[in-house]
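# Tertiary structure, described
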Amino acid sequence: LKKVGILTSGGDAPGMNAAIRAVVRAAICSNMEVVGIMQGFHGMINNIVEPMNSRSVSNIIHKGGTILKSARSQEFRTPEGRKQAFDNLVENGIDSLVVIGGDGTFNGARIFSSECNIPIVGIPGTIDNDLYGTDYTIGYDTALNTVVEAVDKIRDTAHAHSRIFFVEVMGRDAGFLALRSGIASGAEAILVPEIDMDYKQLYEYLEKGHNKDKSSSIVIVAEGEKINGGAIMLSEKIKKEYPSFDPRVTILGHIQRGGSPSAFDRVTASRMGVSAIEALNDGQRNVMLGLVNKEITLIPFNQALKHKKQLNPGLLELTRVLSI
Ligand code: F6P
């Protein structure tokens, strides 16, 4: 392989830049040229590319976002869009790809490679941590710390006013961020898309704590929690039916996607970036890198996309024990 293209796609995540840096430098070390494809698959279709060298990735290891920019491309879902993308790769002499993103990115990559026969290696980057085949995705650890820092501040005011706070965190389809940040911030309850708990059950649960002289409570709600319709609706229902509670809502939003990556995310990104180039040179294709039991692993896109990653039931149980 002579020339590798690299792109970031889907929701950005802190640590993507550290991964880009590692891919670029590892490729150069193995005598490959590197081309940055801007704005994910959109840039591949529209031929927005930039040659990269080791200086292109100087001073980015500590930066959030992605220097390659990101996008969600509708056009790449069409055979015509993918054909145009492939023609551009051929024109640029790009013979392999490293794609950094989440399940949408890898699904696009999987279809593309089956049509165009180009080796692709994926690096999991999403704050949602919802990819089967890896214990951690790049960005998840940083987002966790961002949430915990915010909830610590909310806890101060919740306690001062003896209030209940519903804090909505990201996770459209998955509760990993909610569950772990909830435990780390000592939440009284955690609502995730994977498990149904309606507002009446939640009230009864919180009421038990109040009967034991708890004056304030923190409830972490994943944005994909469907049964109550998210933190705002949940708060309104509780307020209407149980006027003894005076709830407040904080939606953390995109603050969770930005910021300087944690040391853990930087190290994971660096390891995966180097392994991506090794995997391509070893003849691997259409695989996603993972971090499983602290070791770097490979899993075919097909397998990673076929399975739904499960929440750790032990962590869910922990909240019940720790929030009495
Ligand atoms: O990055 C993942 C994620 O944060 C989801 O949890 C969230 O629903 C989604 O991205 C929102 O992304 P966007 O604002 O780019 O549509």
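Structural data are supplied above this passage.
Structural notes, computed from the coordinates. All values derive from a computational prediction rather than experimental measurement. Within each chain, residues carry numbers counting from 1 in the order of the written sequence. Where local features are concerned, this predicted model is filtered to residues with pLDDT of at least 70; where side-chain atom pairs are given and counted, the filter is 80 or more; whole-chain, interface and lining totals use all residues. Side-chain numbers come from the whole structure's heavy atoms, not from hydrogens or water.

## Thoughts on the overall build of the chain
For the record, the criterion: Put simply, DSSP marks the helices as runs of H or I at least four residues long and the strands as runs of E at least two long, and each gets a number from the N terminus on. A radius of gyration in this sense is built from C-alpha atoms; the matching globule rule multiplies 2.2 Å by the number of residues raised to 0.38. Partly exposed describes any residue whose relative accessible area lies between the buried limit of under 20% and the exposed limit of over 50%, with all areas from a 1.4 Å probe on protein chains only and scaled to the type maximum. Only heavy atoms matter for contacts: two residues are in contact if any of them lie within 4.5 Å across the pair. Residue burial considers only the protein chains on display, and all accessible areas are found by Shrake-Rupley using a 1.4 Å probe. Residues scored as charged are limited to Lys and Arg (positive) and Asp and Glu (negative), so that His and the chain ends carry no count. A charged residue contributes its charge at one atom only: NZ of Lys, CZ of Arg, CG of Asp or CD of Glu.
When its secondary structure is counted, the chain shows 11 helices and 11 strands. Its C-alpha radius of gyration of 22 Å places the chain within 12% of the 20 Å reference for a compact globule of 324 residues. Referenced to the eigenvectors of the C-alpha coordinate spread, the extents of the chain come out at roughly 70 × 35 × 30 Å. Here the chain holds 324 residues, and 52% of them are scored as buried. Considering only residue pairs separated by 6 or more positions, the chain has 76% of its internal contacts joining residues 24 or more positions apart. When the accessible area of the chain is evaluated, it comes to approximately 14500 Å², of which 50% is carbon and sulfur surface. The centroid of the 35 positive side-chain charges in the chain is displaced by 2 Å from the centroid of its 36 negative side-chain charges.

## A few points about the packing of helix H7 (residues 199-211) against helix H8 (residues 230-241)
Here is the rule: Axis definition: a line fitted to C-alpha atoms, limited for helices to the stretch in contact. Angles are taken between N-to-C directions and run from 0 to 180 degrees. By definition in this entry, angles of less than 35 degrees are roughly parallel, angles greater than 145 are roughly antiparallel, angles of 65 to 115 are roughly perpendicular, and the rest are oblique. Note on convention: near helix rotated counterclockwise from far helix by under a right angle means a left-handed crossing. Clockwise means right-handed.
Direction vectors running N to C along H7 and H8 enclose 65°, while the axes themselves pass 10 Å from each other. Our classification of the angle between H7 and H8 gives roughly perpendicular. Where H7 crosses over H8, the handedness of that crossing is right-handed. Along the contact surface, H7 presents Tyr199, Lys200, Leu202 and Tyr203, while H8 presents Leu234, Lys237, Ile238 and Glu241.

## Focus: the sheet that holds strand E6 (residues 164-169)
Stated precisely, the cut-off is as follows: DSSP calls a pair of strands paired once it identifies at least 2 bridges connecting them.
Overall, parallel pairing links the 4 strands, which are arranged E7-E8-E6-E9 in an open sheet. Of all the strands in the sheet, just strand E7 (189-191) and strand E9 (248-251) have a single pairing partner and so form its edges. Going from strand to strand, the sheet's axes swing by 20° on average, the running direction of each strand aside. Taken together, the 4 bridges between E6 and E9 define a ladder with parallel strand orientation. Paired with Glu168 across the bridge in E9 is Ile251. Contacting E6, E7 and strand E8 (217-222), H7 runs over the sheet at an angle of about 155° to E8.

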